[in-house]
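Examining the three-dimensional arrangement
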Amino acid sequence: MRQLRGVPGCVRRTRVVVVGLTAMTLSGAAAAPSSAVPKSFIGPGNGAWSTAANWSPVGVPSADDDVTLPGGSQVIVPVASVANSLKLGSSAISPANLSIAGPGASLTV
């Protein structure tokens, strides 16, 4: 810290404070929690994961979405796809069927 010229007792801190605030803002943005969105499959039997209208709310799941395939669902993953989490069916009596098929098809959870 240096004393400002001509102002006794005043210390120059502006640069340190500005750098400190910038670092806090950037690290705070990076540490923000993800906002997972619940998505449920509502499409027809053998419906494609990649069809936006097959989901409620409408839209293909992203890496932030918590996906549920209700009991009786039959879903085909024809392309590389992602989800934050995946729940298959509602019970052993009412399972969901998930098929990953096709060139380049994958599901990352």
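My aim in this report is to walk through the structure given alongside it, one point at a time. Just so it is clear, the model here is predicted, and its values are computed rather than measured.

**Here's the deal with the sheet that holds strand β1 (residues 37-41)**
- The strand order β3-β1-β4-β7 describes an open sheet built from four strands, whose pairing is mixed. Strands at the two margins of the open sheet, each flanked by one partner only, are β3 (55-56) and β7 (85-88).
- Bridge analysis of β1 against β3 gives two bridges, and the strand direction is antiparallel. When the sheet's bridge partners are listed, Phe-41 is paired in β3 with Trp-55.

**Here we look at the sheet that holds strand β5 (residues 74-77)**
- Pairing is parallel in the open sheet, where three strands are placed in the order β2-β5-β8. Looking at which strands have only one partner, the edges of the open sheet turn out to be β2 (47-48) and β8 (97-100).
- With four bridges joining them, β5 and β8 adopt parallel strand pairing. Bridged to Val-77 within β8 is Ile-100.

Quick notes on the rules
Residues numbered from 1 in each chain as written. Predicted model: local features only at pLDDT ≥ 70, side-chain atom pairs only at ≥ 80, totals over all residues. Heavy atoms only, no water. Pairing = 2+ DSSP bridges. Helix = DSSP H or I, 4+ residues; strand = E, 2+ residues; numbered from the N terminus.

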